[in-house]
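Reading the structure
Each chain, letter by letter, is given below.
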Protein chains: 2
Amino acid sequence: MTDNGSVPNSKKTAAERPAPERRGELLATAAEVFAAHGYNATTVRRIADEAGLLAGSLYYHFDSKESMLDEILSAFLDELWDGYDAVLAAGFGPRETLEALVTESFREIDRHRPAVAIYQRESRHLARQPRFAYLADSQRRFERAWLGTLRRGAAAGVFRADLDVRLAYRFVRDTVWVAASWYRPGGAHSPEEIARQYLSMVLEGIAVRE
Amino acid sequence: MTDNGSVPNSKKTAAERPAPERRGELLATAAEVFAAHGYNATTVRRIADEAGLLAGSLYYHFDSKESMLDEILSAFLDELWDGYDAVLAAGFGPRETLEALVTESFREIDRHRPAVAIYQRESRHLARQPRFAYLADSQRRFERAWLGTLRRGAAAGVFRADLDVRLAYRFVRDTVWVAASWYRPGGAHSPEEIARQYLSMVLEGIAVRE
DNA sequence: TAACCTACCAAACACTTGTTAGGGAAGGAT
DNA sequence: ATCCTTCCCTAACAAGTGTTTGGTAGGTTA
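Below: a short report on this structure. (Residues numbered from 1 in each chain as written. Chains lettered and ligands numbered in written order. Predicted model: local features only at pLDDT ≥ 70, side-chain atom pairs only at ≥ 80, totals over all residues. Heavy atoms only, no water.)

Moving on, we come to the relation of the copies chain A and chain B. Aligned on chain B, chain A shows an RMSD of 0.1 Å; the corresponding rotation is 180° and the shift along the axis is 0.0 Å. Here the transformation between the copies is reduced to the relation of a two-fold axis. Relative to the rotation axis, the closest C-alpha in chain A is found at A:Gly205, a distance of 1.9 Å. Comparing interface residues between copies, 100% of those in chain A also lie at the interface in chain B; the contact surface is shared. (Least-squares fit on C-alpha atoms with pLDDT ≥ 70 in both. Contact = heavy atoms within 4.5 Å.)

Here we come to the protein's contact with DNA strand D. In the vicinity of DNA strand D lie 18 residues, with A:Leu54, A:His61, B:Thr43, B:Tyr59 and B:Lys65 positioned nearest. Counting only the atoms of DNA strand D within 4 Å of the protein, the fraction contributed by sugar and phosphate is 65%. Within the side chain of B:Arg45, an N or O atom sits 2.9 Å from a base nitrogen of DNA strand D. Here B:Tyr59 contributes a side-chain N or O atom positioned 2.3 Å from a phosphate oxygen of DNA strand D. Contributing elements (two or more residues each) for the surface near DNA strand D: α3 (58–61) of chain A together with α2 (44–51) of chain B. Its residues assigned to classes, the surface near DNA strand D comprises seven nonpolar, seven polar and four charged. (Near = heavy atom within 4 Å. Polar contact = N/O pair within 3.5 Å; in protein donor to acceptor, adjacent residues only side chain to side chain. Helix = DSSP H or I, 4+ residues; strand = E, 2+ residues; numbered from the N terminus. Nonpolar A, V, L, I, M, F, W, Y, C, P; charged D, E, K, R; others polar.)

This next bit is on the environment of B:Ala90. Its place among the elements puts B:Ala90 in the loop between α4 (65–88) and α5 (94–111). Measuring from C-alpha to C-alpha, the distance between B:Ala90 and B:Phe159 comes to 20 Å, with 69 residues separating the pair along the chain.

Our next topic: the protein's contact with DNA strand C. In the vicinity of DNA strand C, 18 residues are found, and the nearest of them are A:Thr43, A:Tyr59, A:Lys65, B:Leu54 and B:His61. Among atoms of DNA strand C positioned within 4 Å of the protein, sugar and phosphate together represent 66%. The side chain of A:Arg45 places a nitrogen or oxygen atom 2.9 Å from a base nitrogen of DNA strand C. Among the secondary structure elements, those contributing two or more residues to the surface near DNA strand C are α2 (44–51) of chain A together with α3 (58–61) of chain B. Its residues assigned to classes, the surface near DNA strand C comprises seven nonpolar, six polar and five charged.

Turning our attention to the interface of chain A and chain B. Contact with chain A, which involves 42 residues of that partner, is made by 43 residues of chain B. Taken together, both faces of the contact between chain A and chain B bury some 4000 Å²; the carbon and sulfur share is 58%. Taken together, the connections running from chain A to chain B amount to two salt bridges. Between A:Arg121 and B:Glu122 there is a salt bridge whose closest N-O contact spans 3.5 Å. Where chain A touches chain B, the interface holds 25 residue pairs in polar contact (both at pLDDT 80 or more). Listing elements by their share of the side of chain A that touches chain B, those giving two or more residues are α5 (94–111), α6 (113–126), α8 (165–177) and α9 (191–204) of chain A. Across the side of chain A that touches chain B, the residue classes tally to 20 nonpolar, 10 polar and 12 charged. (Buried area = accessible area lost by both parts, 1.4 Å probe. Salt bridge = Lys/Arg side-chain N within 4 Å of Asp/Glu carboxyl O.)

Purely geometric stuff here, so don't read any function into it on its own.
Structure, rendered in C-alpha coordinates:
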(Lines give C-alpha, C1' and ligand atoms only; values in the text may rest on other atoms or scores of the structure.)
Protein backbone atom coordinates (compact mmCIF):
# COMPACT_ATOMS: atom_id res chain seq x y z
CA MET A 1 0.00 0.00 0.00
CA THR A 2 2.87 2.33 -0.58
CA ASP A 3 2.29 3.23 -4.17
CA ASN A 4 -0.48 5.78 -3.97
CA GLY A 5 0.98 7.92 -1.24
CA SER A 6 2.13 11.44 -1.88
CA VAL A 7 1.13 13.69 -4.71
CA PRO A 8 4.27 15.03 -6.35
CA ASN A 9 2.43 17.80 -8.09
CA SER A 10 4.34 20.63 -6.51
CA LYS A 11 7.70 18.97 -6.71
CA LYS A 12 8.03 19.03 -10.47
CA THR A 13 9.56 21.85 -12.43
CA ALA A 14 8.00 24.75 -14.26
CA ALA A 15 5.39 22.96 -16.35
CA GLU A 16 2.50 22.28 -14.01
CA ARG A 17 1.30 18.81 -14.75
CA PRO A 18 -1.93 17.12 -13.76
CA ALA A 19 -1.89 13.86 -11.84
CA PRO A 20 0.87 11.87 -13.50
CA GLU A 21 -0.78 8.53 -12.88
CA ARG A 22 -3.69 9.00 -15.27
CA ARG A 23 -1.27 10.55 -17.73
CA GLY A 24 0.74 7.38 -17.75
CA GLU A 25 -2.30 5.23 -18.43
CA LEU A 26 -3.34 7.42 -21.33
CA LEU A 27 0.16 7.46 -22.77
CA ALA A 28 0.31 3.68 -22.54
CA THR A 29 -2.90 3.17 -24.47
CA ALA A 30 -1.92 5.85 -26.97
CA ALA A 31 1.39 4.08 -27.53
CA GLU A 32 -0.41 0.79 -28.03
CA VAL A 33 -2.71 2.25 -30.67
CA PHE A 34 0.09 4.14 -32.40
CA ALA A 35 2.11 0.94 -32.56
CA ALA A 36 -0.78 -1.10 -33.91
CA HIS A 37 -2.00 1.22 -36.64
CA GLY A 38 0.70 3.82 -37.17
CA TYR A 39 0.77 7.38 -35.89
CA ASN A 40 -0.93 9.03 -38.83
CA ALA A 41 -3.61 6.40 -39.17
CA THR A 42 -4.47 6.74 -35.50
CA THR A 43 -7.19 9.24 -34.74
CA VAL A 44 -7.33 11.00 -31.45
CA ARG A 45 -10.90 9.71 -31.15
CA ARG A 46 -9.65 6.17 -31.40
CA ILE A 47 -7.22 6.70 -28.55
CA ALA A 48 -9.96 8.26 -26.46
CA ASP A 49 -12.26 5.35 -27.25
CA GLU A 50 -9.68 2.83 -26.14
CA ALA A 51 -9.03 4.79 -22.97
CA GLY A 52 -12.70 5.21 -22.12
CA LEU A 53 -13.20 8.93 -22.52
CA LEU A 54 -14.02 11.41 -25.27
CA ALA A 55 -11.62 12.92 -27.73
CA GLY A 56 -11.75 16.45 -26.37
CA SER A 57 -11.00 15.25 -22.87
CA LEU A 58 -7.56 14.14 -23.90
CA TYR A 59 -6.67 17.80 -24.24
CA TYR A 60 -7.00 18.27 -20.55
CA HIS A 61 -3.94 16.03 -20.15
CA PHE A 62 -1.98 16.80 -23.32
CA ASP A 63 -1.86 19.80 -25.55
CA SER A 64 -1.70 17.92 -28.81
CA LYS A 65 -1.56 14.51 -30.44
CA GLU A 66 2.00 15.25 -31.41
CA SER A 67 3.07 15.89 -27.85
CA MET A 68 1.77 12.46 -26.86
CA LEU A 69 4.02 10.95 -29.48
CA ASP A 70 6.87 13.14 -28.33
CA GLU A 71 6.50 12.07 -24.74
CA ILE A 72 6.29 8.37 -25.64
CA LEU A 73 9.42 8.45 -27.77
CA SER A 74 11.56 10.61 -25.52
CA ALA A 75 10.67 8.58 -22.44
CA PHE A 76 11.75 5.45 -24.27
CA LEU A 77 14.99 6.95 -25.52
CA ASP A 78 15.87 8.30 -22.10
CA GLU A 79 15.59 4.87 -20.57
CA LEU A 80 17.41 3.28 -23.48
CA TRP A 81 20.38 5.55 -23.10
CA ASP A 82 20.52 5.03 -19.38
CA GLY A 83 21.06 1.36 -20.13
CA TYR A 84 23.42 1.85 -23.05
CA ASP A 85 25.59 4.39 -21.25
CA ALA A 86 25.99 2.04 -18.33
CA VAL A 87 27.18 -0.69 -20.69
CA LEU A 88 29.54 1.60 -22.60
CA ALA A 89 31.04 2.95 -19.39
CA ALA A 90 31.74 -0.51 -17.99
CA GLY A 91 35.00 -0.92 -19.90
CA PHE A 92 34.15 -4.25 -21.46
CA GLY A 93 35.98 -5.72 -24.42
CA PRO A 94 34.34 -5.52 -27.87
CA ARG A 95 32.64 -8.88 -27.72
CA GLU A 96 31.32 -8.40 -24.21
CA THR A 97 30.14 -4.90 -25.12
CA LEU A 98 28.26 -6.26 -28.13
CA GLU A 99 26.67 -8.96 -26.02
CA ALA A 100 25.67 -6.48 -23.34
CA LEU A 101 24.25 -4.02 -25.87
CA VAL A 102 22.17 -6.70 -27.54
CA THR A 103 20.87 -8.02 -24.24
CA GLU A 104 20.06 -4.52 -23.06
CA SER A 105 18.24 -3.86 -26.34
CA PHE A 106 16.00 -6.87 -25.92
CA ARG A 107 15.23 -5.78 -22.38
CA GLU A 108 14.17 -2.38 -23.72
CA ILE A 109 12.00 -4.07 -26.32
CA ASP A 110 10.42 -6.01 -23.50
CA ARG A 111 9.71 -2.88 -21.51
CA HIS A 112 8.86 -0.45 -24.28
CA ARG A 113 7.57 -2.62 -27.08
CA PRO A 114 5.00 -0.12 -28.40
CA ALA A 115 7.49 2.74 -28.25
CA VAL A 116 10.09 0.69 -30.11
CA ALA A 117 7.58 -0.22 -32.80
CA ILE A 118 6.61 3.41 -33.22
CA TYR A 119 10.24 4.44 -33.32
CA GLN A 120 10.96 1.92 -36.06
CA ARG A 121 8.06 3.06 -38.13
CA GLU A 122 8.13 6.80 -37.78
CA SER A 123 11.55 7.95 -36.69
CA ARG A 124 12.92 8.37 -40.19
CA HIS A 125 10.56 11.12 -41.26
CA LEU A 126 9.96 12.49 -37.77
CA ALA A 127 13.65 13.20 -37.35
CA ARG A 128 13.36 15.91 -40.00
CA GLN A 129 11.00 17.92 -37.81
CA PRO A 130 12.79 20.28 -35.42
CA ARG A 131 10.70 19.09 -32.53
CA PHE A 132 11.99 15.56 -32.98
CA ALA A 133 15.60 16.50 -33.67
CA TYR A 134 16.59 14.37 -30.69
CA LEU A 135 15.70 11.33 -32.77
CA ALA A 136 18.45 12.19 -35.22
CA ASP A 137 20.83 12.84 -32.34
CA SER A 138 20.00 9.51 -30.84
CA GLN A 139 20.54 7.76 -34.13
CA ARG A 140 24.00 9.29 -34.38
CA ARG A 141 24.93 8.23 -30.87
CA PHE A 142 23.52 4.83 -31.69
CA GLU A 143 25.69 4.47 -34.75
CA ARG A 144 28.75 5.66 -32.90
CA ALA A 145 28.28 3.13 -30.12
CA TRP A 146 27.63 0.10 -32.33
CA LEU A 147 30.01 0.94 -35.14
CA GLY A 148 32.74 1.77 -32.68
CA THR A 149 32.32 -1.54 -30.93
CA LEU A 150 32.42 -3.42 -34.22
CA ARG A 151 35.52 -1.56 -35.37
CA ARG A 152 37.28 -2.14 -32.06
CA GLY A 153 36.43 -5.81 -32.35
CA ALA A 154 37.69 -6.08 -35.91
CA ALA A 155 40.94 -4.35 -34.96
CA ALA A 156 41.38 -6.59 -31.93
CA GLY A 157 40.83 -9.70 -34.00
CA VAL A 158 37.68 -10.89 -32.27
CA PHE A 159 35.36 -9.89 -35.14
CA ARG A 160 35.96 -10.76 -38.76
CA ALA A 161 37.85 -8.07 -40.61
CA ASP A 162 36.78 -9.14 -44.10
CA LEU A 163 33.28 -7.68 -43.73
CA ASP A 164 32.05 -4.23 -44.66
CA VAL A 165 31.72 -2.76 -41.18
CA ARG A 166 28.85 -0.55 -42.17
CA LEU A 167 26.93 -3.51 -43.54
CA ALA A 168 27.68 -5.45 -40.39
CA TYR A 169 26.42 -2.54 -38.32
CA ARG A 170 23.12 -2.39 -40.15
CA PHE A 171 22.91 -6.14 -40.00
CA VAL A 172 23.23 -6.26 -36.23
CA ARG A 173 21.14 -3.18 -35.62
CA ASP A 174 18.20 -4.29 -37.76
CA THR A 175 18.44 -7.85 -36.56
CA VAL A 176 17.91 -6.68 -33.03
CA TRP A 177 15.29 -3.99 -33.38
CA VAL A 178 12.90 -5.57 -35.86
CA ALA A 179 12.24 -8.12 -33.18
CA ALA A 180 9.91 -5.51 -31.71
CA SER A 181 7.52 -6.15 -34.57
CA TRP A 182 6.79 -9.71 -33.52
CA TYR A 183 7.87 -9.86 -29.88
CA ARG A 184 5.10 -10.17 -27.32
CA PRO A 185 5.89 -9.85 -23.63
CA GLY A 186 5.06 -12.93 -21.68
CA GLY A 187 5.71 -15.18 -24.64
CA ALA A 188 7.68 -18.39 -24.80
CA HIS A 189 11.08 -16.74 -24.49
CA SER A 190 12.38 -14.18 -22.04
CA PRO A 191 14.26 -11.18 -23.41
CA GLU A 192 17.50 -12.69 -22.12
CA GLU A 193 16.81 -16.00 -23.83
CA ILE A 194 16.06 -14.29 -27.13
CA ALA A 195 19.19 -12.20 -26.77
CA ARG A 196 21.23 -15.37 -26.15
CA GLN A 197 19.96 -17.07 -29.28
CA TYR A 198 20.26 -13.97 -31.44
CA LEU A 199 23.81 -13.43 -30.26
CA SER A 200 24.61 -17.01 -31.00
CA MET A 201 23.36 -16.59 -34.56
CA VAL A 202 25.02 -13.25 -35.14
CA LEU A 203 28.36 -14.33 -33.69
CA GLU A 204 28.61 -17.95 -34.78
CA GLY A 205 26.22 -18.13 -37.73
CA ILE A 206 23.54 -20.68 -38.43
CA ALA A 207 25.67 -23.05 -40.50
CA VAL A 208 27.26 -26.11 -38.95
CA ARG A 209 31.04 -25.86 -38.67
CA GLU A 210 33.31 -28.53 -39.85
CA MET B 1 -1.14 -15.54 -58.95
CA THR B 2 -2.94 -13.48 -56.43
CA ASP B 3 -5.81 -12.02 -58.28
CA ASN B 4 -7.52 -11.65 -61.57
CA GLY B 5 -5.93 -9.79 -64.41
CA SER B 6 -3.48 -6.97 -64.18
CA VAL B 7 -5.49 -3.91 -65.19
CA PRO B 8 -8.28 -3.24 -62.71
CA ASN B 9 -9.57 0.03 -64.08
CA SER B 10 -12.92 -1.59 -64.62
CA LYS B 11 -15.93 0.47 -63.88
CA LYS B 12 -17.88 -1.59 -66.37
CA THR B 13 -16.26 -4.50 -68.07
CA ALA B 14 -12.60 -4.67 -68.81
CA ALA B 15 -13.25 -4.01 -72.46
CA GLU B 16 -10.85 -1.15 -72.95
CA ARG B 17 -7.86 -0.08 -70.97
CA PRO B 18 -6.24 3.35 -71.08
CA ALA B 19 -2.66 3.61 -72.19
CA PRO B 20 -0.78 1.42 -69.73
CA GLU B 21 2.37 3.45 -70.04
CA ARG B 22 1.10 6.53 -68.20
CA ARG B 23 -0.45 4.20 -65.62
CA GLY B 24 2.96 2.74 -64.89
CA GLU B 25 4.48 6.18 -64.39
CA LEU B 26 1.74 7.20 -62.00
CA LEU B 27 2.01 3.96 -60.06
CA ALA B 28 5.76 4.41 -59.77
CA THR B 29 5.49 7.90 -58.31
CA ALA B 30 2.65 6.80 -56.04
CA ALA B 31 4.81 3.94 -54.77
CA GLU B 32 7.66 6.33 -54.15
CA VAL B 33 5.50 8.68 -52.10
CA PHE B 34 3.81 5.85 -50.21
CA ALA B 35 7.22 4.44 -49.33
CA ALA B 36 8.57 7.78 -48.19
CA HIS B 37 5.71 8.94 -46.01
CA GLY B 38 3.51 5.93 -45.40
CA TYR B 39 0.24 5.11 -47.08
CA ASN B 40 -2.08 6.87 -44.68
CA ALA B 41 0.05 9.97 -44.43
CA THR B 42 0.13 10.29 -48.19
CA THR B 43 -2.63 12.42 -49.66
CA VAL B 44 -3.87 11.82 -53.14
CA ARG B 45 -3.14 15.48 -53.82
CA ARG B 46 0.50 14.89 -52.94
CA ILE B 47 0.76 12.05 -55.42
CA ALA B 48 -0.87 14.18 -58.09
CA ASP B 49 1.50 17.04 -57.30
CA GLU B 50 4.52 14.81 -57.67
CA ALA B 51 3.17 13.43 -60.94
CA GLY B 52 2.31 16.83 -62.36
CA LEU B 53 -1.46 16.73 -62.51
CA LEU B 54 -4.43 17.46 -60.29
CA ALA B 55 -5.88 15.17 -57.67
CA GLY B 56 -9.12 14.49 -59.44
CA SER B 57 -7.33 13.52 -62.62
CA LEU B 58 -5.90 10.47 -60.92
CA TYR B 59 -9.39 9.04 -60.91
CA TYR B 60 -9.34 8.80 -64.65
CA HIS B 61 -6.63 6.15 -64.31
CA PHE B 62 -7.53 4.52 -61.00
CA ASP B 63 -10.78 4.16 -59.18
CA SER B 64 -9.39 4.76 -55.70
CA LYS B 65 -6.27 5.45 -53.69
CA GLU B 66 -6.58 1.96 -52.26
CA SER B 67 -6.53 0.32 -55.68
CA MET B 68 -3.23 2.05 -56.41
CA LEU B 69 -1.80 0.47 -53.31
CA ASP B 70 -3.34 -2.84 -54.28
CA GLU B 71 -1.81 -2.77 -57.71
CA ILE B 72 1.63 -1.82 -56.39
CA LEU B 73 1.70 -4.61 -53.84
CA SER B 74 0.27 -7.38 -55.98
CA ALA B 75 2.58 -6.57 -58.87
CA PHE B 76 5.52 -6.84 -56.52
CA LEU B 77 4.35 -10.10 -54.97
CA ASP B 78 3.66 -11.66 -58.35
CA GLU B 79 7.22 -10.99 -59.46
CA LEU B 80 8.61 -12.12 -56.13
CA TRP B 81 6.89 -15.46 -56.33
CA ASP B 82 7.96 -16.00 -59.88
CA GLY B 83 11.53 -15.82 -58.62
CA TYR B 84 10.95 -17.82 -55.44
CA ASP B 85 9.07 -20.60 -57.21
CA ALA B 86 11.87 -20.97 -59.70
CA VAL B 87 14.34 -21.38 -56.85
CA LEU B 88 12.17 -23.82 -54.92
CA ALA B 89 11.56 -25.93 -58.01
CA ALA B 90 15.24 -26.23 -58.82
CA GLY B 91 15.83 -29.09 -56.43
CA PHE B 92 18.73 -27.50 -54.57
CA GLY B 93 19.98 -28.65 -51.20
CA PRO B 94 19.02 -26.63 -48.10
CA ARG B 95 22.08 -24.44 -48.07
CA GLU B 96 21.94 -23.68 -51.77
CA THR B 97 18.23 -22.99 -51.50
CA LEU B 98 18.81 -20.53 -48.68
CA GLU B 99 21.54 -18.80 -50.64
CA ALA B 100 19.37 -18.59 -53.73
CA LEU B 101 16.37 -17.27 -51.78
CA VAL B 102 18.44 -14.57 -50.12
CA THR B 103 20.04 -13.53 -53.38
CA GLU B 104 16.68 -13.45 -55.12
CA SER B 105 15.27 -11.35 -52.27
CA PHE B 106 17.94 -8.72 -52.63
CA ARG B 107 17.30 -8.62 -56.35
CA GLU B 108 13.62 -7.97 -55.66
CA ILE B 109 14.55 -5.23 -53.22
CA ASP B 110 16.65 -3.74 -55.98
CA ARG B 111 13.79 -3.84 -58.44
CA HIS B 112 10.86 -3.04 -56.18
CA ARG B 113 12.35 -1.04 -53.35
CA PRO B 114 9.32 1.23 -52.81
CA ALA B 115 6.92 -1.70 -52.92
CA VAL B 116 9.03 -3.63 -50.44
CA ALA B 117 9.15 -0.67 -48.09
CA ILE B 118 5.39 -0.28 -48.28
CA TYR B 119 4.91 -3.99 -47.75
CA GLN B 120 7.08 -3.91 -44.64
CA ARG B 121 5.22 -1.00 -43.19
CA GLU B 122 1.62 -1.74 -44.01
CA SER B 123 1.17 -5.43 -44.70
CA ARG B 124 0.44 -6.38 -41.12
CA HIS B 125 -2.77 -4.41 -40.78
CA LEU B 126 -3.67 -4.50 -44.46
CA ALA B 127 -3.76 -8.30 -44.40
CA ARG B 128 -6.83 -8.12 -42.19
CA GLN B 129 -8.83 -6.44 -44.95
CA PRO B 130 -10.51 -8.90 -47.32
CA ARG B 131 -9.23 -7.05 -50.33
CA PHE B 132 -5.65 -7.65 -49.23
CA ALA B 133 -6.11 -11.22 -48.12
CA TYR B 134 -3.45 -12.23 -50.63
CA LEU B 135 -0.93 -10.58 -48.34
CA ALA B 136 -1.72 -13.09 -45.63
CA ASP B 137 -1.59 -15.91 -48.15
CA SER B 138 1.78 -14.73 -49.34
CA GLN B 139 3.08 -14.53 -45.81
CA ARG B 140 2.06 -18.15 -45.21
CA ARG B 141 3.76 -19.33 -48.38
CA PHE B 142 6.74 -17.28 -47.36
CA GLU B 143 6.95 -18.93 -43.98
CA ARG B 144 6.52 -22.40 -45.47
CA ALA B 145 9.34 -21.84 -47.95
CA TRP B 146 11.87 -20.43 -45.50
CA LEU B 147 10.96 -22.50 -42.48
CA GLY B 148 10.93 -25.66 -44.57
CA THR B 149 14.37 -24.91 -45.91
CA LEU B 150 15.72 -24.28 -42.44
CA ARG B 151 14.18 -27.49 -41.09
CA ARG B 152 15.50 -29.54 -43.97
CA GLY B 153 18.92 -28.07 -43.36
CA ALA B 154 18.84 -28.79 -39.64
CA ALA B 155 17.75 -32.37 -40.31
CA ALA B 156 20.46 -32.81 -42.90
CA GLY B 157 23.11 -31.49 -40.57
CA VAL B 158 24.06 -28.43 -42.58
CA PHE B 159 22.33 -25.96 -40.27
CA ARG B 160 22.72 -25.94 -36.51
CA ALA B 161 20.06 -27.99 -34.74
CA ASP B 162 20.43 -26.30 -31.36
CA LEU B 163 18.56 -23.17 -32.43
CA ASP B 164 14.86 -22.43 -32.17
CA VAL B 165 13.92 -22.81 -35.84
CA ARG B 166 11.19 -20.25 -35.57
CA LEU B 167 13.58 -17.69 -34.13
CA ALA B 168 16.07 -18.50 -36.86
CA TYR B 169 13.36 -18.02 -39.46
CA ARG B 170 12.43 -14.60 -38.18
CA PHE B 171 16.09 -13.76 -37.87
CA VAL B 172 16.84 -14.54 -41.51
CA ARG B 173 13.61 -13.10 -42.82
CA ASP B 174 13.90 -9.76 -41.03
CA THR B 175 17.59 -9.51 -41.68
CA VAL B 176 16.96 -9.69 -45.38
CA TRP B 177 13.91 -7.53 -45.79
CA VAL B 178 14.71 -4.59 -43.56
CA ALA B 179 17.51 -3.90 -45.96
CA ALA B 180 14.84 -2.25 -48.10
CA SER B 181 14.68 0.57 -45.57
CA TRP B 182 18.22 1.72 -46.24
CA TYR B 183 19.07 0.24 -49.62
CA ARG B 184 19.35 2.66 -52.50
CA PRO B 185 19.71 1.35 -56.04
CA GLY B 186 22.91 2.43 -57.67
CA GLY B 187 24.76 2.57 -54.37
CA ALA B 188 28.16 1.19 -53.50
CA HIS B 189 27.09 -2.45 -53.51
CA SER B 190 25.15 -4.47 -56.04
CA PRO B 191 22.29 -6.64 -54.80
CA GLU B 192 24.42 -9.72 -55.37
CA GLU B 193 27.30 -8.26 -53.39
CA ILE B 194 25.03 -7.38 -50.48
CA ALA B 195 23.51 -10.84 -50.62
CA ARG B 196 26.96 -12.39 -50.50
CA GLN B 197 27.98 -10.46 -47.41
CA TYR B 198 24.67 -11.00 -45.66
CA LEU B 199 24.85 -14.71 -46.35
CA SER B 200 28.35 -14.81 -45.02
CA MET B 201 27.22 -13.18 -41.79
CA VAL B 202 24.11 -15.28 -41.40
CA LEU B 203 25.87 -18.55 -42.17
CA GLU B 204 29.28 -18.07 -40.60
CA GLY B 205 28.65 -15.31 -38.05
CA ILE B 206 30.67 -12.20 -37.43
CA ALA B 207 32.97 -13.62 -34.78
CA VAL B 208 36.43 -14.88 -35.64
CA ARG B 209 36.73 -18.65 -35.40
CA GLU B 210 39.51 -20.34 -33.59
C1' DT C 1 -16.71 19.29 -91.87
C1' DA C 2 -18.34 16.48 -87.66
C1' DA C 3 -17.96 12.98 -84.37
C1' DC C 4 -15.08 10.72 -81.13
C1' DC C 5 -11.60 9.53 -77.77
C1' DT C 6 -7.93 10.45 -74.48
C1' DA C 7 -6.14 12.81 -70.68
C1' DC C 8 -6.68 16.30 -68.11
C1' DC C 9 -8.79 20.58 -65.25
C1' DA C 10 -12.01 23.24 -62.14
C1' DA C 11 -15.02 23.09 -58.65
C1' DA C 12 -17.43 21.16 -55.64
C1' DC C 13 -19.19 17.16 -52.49
C1' DA C 14 -19.63 14.70 -47.90
C1' DC C 15 -16.95 13.37 -44.42
C1' DT C 16 -13.07 13.07 -41.08
C1' DT C 17 -9.46 15.28 -38.85
C1' DG C 18 -7.11 17.68 -34.64
C1' DT C 19 -8.43 21.10 -31.61
C1' DT C 20 -11.05 24.52 -28.67
C1' DA C 21 -14.60 26.71 -25.62
C1' DG C 22 -17.70 26.47 -22.00
C1' DG C 23 -19.81 23.97 -18.60
C1' DG C 24 -20.58 20.72 -14.87
C1' DA C 25 -20.27 16.80 -11.45
C1' DA C 26 -17.56 15.07 -7.65
C1' DG C 27 -14.93 15.70 -3.64
C1' DG C 28 -11.75 17.79 -0.46
C1' DA C 29 -10.40 22.09 2.08
C1' DT C 30 -11.65 26.25 4.36
C1' DA D 1 -22.01 26.58 3.24
C1' DT D 2 -18.51 28.26 -0.05
C1' DC D 3 -14.59 27.76 -2.80
C1' DC D 4 -11.36 25.33 -5.52
C1' DT D 5 -9.38 21.73 -8.03
C1' DT D 6 -9.61 17.70 -10.84
C1' DC D 7 -11.42 15.40 -14.60
C1' DC D 8 -14.49 14.80 -17.88
C1' DC D 9 -18.53 16.01 -21.37
C1' DT D 10 -21.10 18.49 -25.08
C1' DA D 11 -20.81 20.87 -29.09
C1' DA D 12 -18.77 23.04 -32.24
C1' DC D 13 -14.83 24.87 -35.35
C1' DA D 14 -11.71 25.21 -39.55
C1' DA D 15 -8.78 22.66 -42.27
C1' DG D 16 -7.96 18.71 -44.83
C1' DT D 17 -9.52 14.20 -46.70
C1' DG D 18 -10.90 10.93 -50.80
C1' DT D 19 -13.97 11.22 -54.42
C1' DT D 20 -17.45 12.81 -58.07
C1' DT D 21 -19.29 15.64 -61.64
C1' DG D 22 -19.19 18.19 -65.70
C1' DG D 23 -16.45 20.35 -68.87
C1' DT D 24 -12.64 20.93 -72.42
C1' DA D 25 -8.17 21.16 -75.27
C1' DG D 26 -6.06 18.49 -78.68
C1' DG D 27 -5.42 14.82 -81.49
C1' DT D 28 -7.44 11.00 -84.50
C1' DT D 29 -10.83 9.14 -87.40
C1' DA D 30 -14.96 9.29 -90.61
